[in-house]
Amino acid sequence: MDVVPEAWKELTGRSRYEALVGNAQGLAMLLDGVSSLIKACEPPPGSLYQFAARVEDLEVAHKQTVETLRTFVVRVKSFEADLVSKPWKVS
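In this text, all values refer to a predicted model and were calculated from it rather than measured experimentally.

Asker: Can you help me understand the layout of surface pockets in this one?
Answerer: The method is simple in principle: a probe with the dimensions of a water molecule rolls over the atoms, and the space it marks as empty is what remains. Considered as a void within the structure, the largest pocket measures approximately 220 Å³ in volume. Taken together, 14 residues make up the lining of the largest pocket; nearest its centre are Ala24, Ala28, Leu69, Arg70 and Val73.

Given below as structure tokens:
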């Protein structure tokens, strides 16, 4: 016998799902700003390269991160009904 009412489960699941999607959207907005920071790291022509990572490496890492986040968001949206209907937590 389940002692937690269905309405409470749905309310809890909905609020957590909305928080998860909101955090993913916030992270996407932050990643949009990172591309301009990467471009700012480009050294002037003829100068010695003083950074620990090359700009090309940073751009590749940024692209991979954006693609991973997009994949995550698509998966979260595909499981929306399950995530909303059940109380869940991140451990």
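Asker: Help me understand the pattern of salt bridges, please; the structure alone is not making it clear to me.
Answerer: Side chains bearing opposite charge may pair, as long as their charged atoms lie close to each other. All told, the structure shown has two salt bridges when counted by the stated rule. A salt bridge links Arg14 to Glu80, with the shortest nitrogen-to-oxygen separation between them at 3.4 Å. On the criterion of sequence distance, the pair formed by Arg14 in helix α1 (residues 6-40) and Glu80 in helix α3 (residues 80-85) is long-range, its members being 66 residues apart. Exposure remark for Arg14: the relative accessible area of 31% places this residue in the partly exposed category. When its relative accessible area of 30% is taken as the criterion, Glu80 is described as partly exposed. The salt bridge involving Arg70 is made with Glu67; its shortest N-O contact spans 3.0 Å. In this pair, Arg70 and Glu67 both sit in helix α2 (residues 55-78), three residues apart, roughly one turn of the helix. Classification of Glu67 by relative accessible area gives partly exposed; the value is 39%.

The rules behind these values
- Residues numbered from 1 in each chain as written.
- Predicted model: local features only at pLDDT ≥ 70, side-chain atom pairs only at ≥ 80, totals over all residues.
- Heavy atoms only, no water.
- 1 Å grid on protein atoms, 1.4 Å probe; cavity = no way out; pocket = protein on both sides within 12 Å on 5 of 7 lines; lining within 4 Å.
- Points joined across faces, edges and corners; volume = space filled by probe spheres on them.
- Salt bridge = Lys/Arg side-chain N within 4 Å of Asp/Glu carboxyl O.
- Helix = DSSP H or I, 4+ residues; strand = E, 2+ residues; numbered from the N terminus.
- Buried < 20%, exposed > 50% of the residue type's maximum accessible area, 1.4 Å probe, protein only.

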